[in-house]
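Chain residues, written in single-letter form:
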Amino acid sequence: MTFRAINQKYLEPGSQLLMIFGIIALCQPWNLFLHRYGLTMTLVGLIAFMITSKVPPEQKTDESRNP
């Protein structure tokens with residue numbers, strides 16, 4: 001498995017989930033730890049998404065076109 005495949009399968013969705021979890025952590029009133037670090041989680045997820053979204057997907061070669 002190449003880095004591009006790992007990026008597309010795990011890293012990009014993981015950064016999106018981290019952003020969503022950070023927003024949820026900011027909005028919940030029960031746990032002070034989650035509320036305190038919610039903005040940090042959102043920003044780390046945003047920066048990770050900005051980096052991982054720049055990696056192009058893996059090129060699929062069509063072996064039937066190449067003799």
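Asker: Looking at this structure, I do not really get the packing of helix α1 (residues 3–27) against helix α2 (residues 32–52). What am I missing?
Answerer: Pairs of packed helices are described in terms of their axes, by the angle between the two and the distance that separates them. Across the interface, α1 lies against α2 with an axial gap of 7 Å and an inter-helix angle of 150°. It follows that α1 is roughly antiparallel to α2 by the angle criterion. Between α1 and α2 the crossing geometry is left-handed. Residue-level contacts link Asn7, Leu11, Glu12, Ser15, Gln16, Leu18, Met19, Phe21, Gly22, Ile23, Ala25 and Leu26 of α1 to Leu34, His35, Gly38, Leu39, Met41, Thr42, Val44, Gly45, Leu46, Ala48, Phe49 and Thr52 of α2.

Asker: I would appreciate a short explanation of the packing of aromatic side chains in the present structure.
Answerer: To describe a pair of aromatic rings, you give the distance between the ring centres and the angle between the ring planes. Applying the stated criterion across every chain yields a total of one aromatic pair. Ring geometry for Phe33 against Tyr37: centres 5.0 Å apart, planes inclined by 55°, an arrangement best described as tilted. On the criterion of helical spacing, the pair formed by Phe33 and Tyr37 is a turn pair, its members being four residues apart in helix α2. Since its relative accessible area comes to 38%, Tyr37 is described here as partly exposed.

How each quantity is defined
- Residues numbered from 1 in each chain as written.
- Predicted model: local features only at pLDDT ≥ 70, side-chain atom pairs only at ≥ 80, totals over all residues.
- Heavy atoms only, no water.
- Axes fitted to C-alpha atoms, helices over the stretch in contact; angles between N-to-C directions.
- Helix = DSSP H or I, 4+ residues; strand = E, 2+ residues; numbered from the N terminus.
- Parallel < 35°, antiparallel > 145°, perpendicular 65-115°, else oblique.
- Left-handed = near helix turned anticlockwise from the far one by under 90°.
- Contact = heavy atoms within 4.5 Å.
- Phe/Tyr/Trp six-rings, centres within 6.5 Å; stacked < 30°, edge-to-face > 60°.
- Buried < 20%, exposed > 50% of the residue type's maximum accessible area, 1.4 Å probe, protein only.

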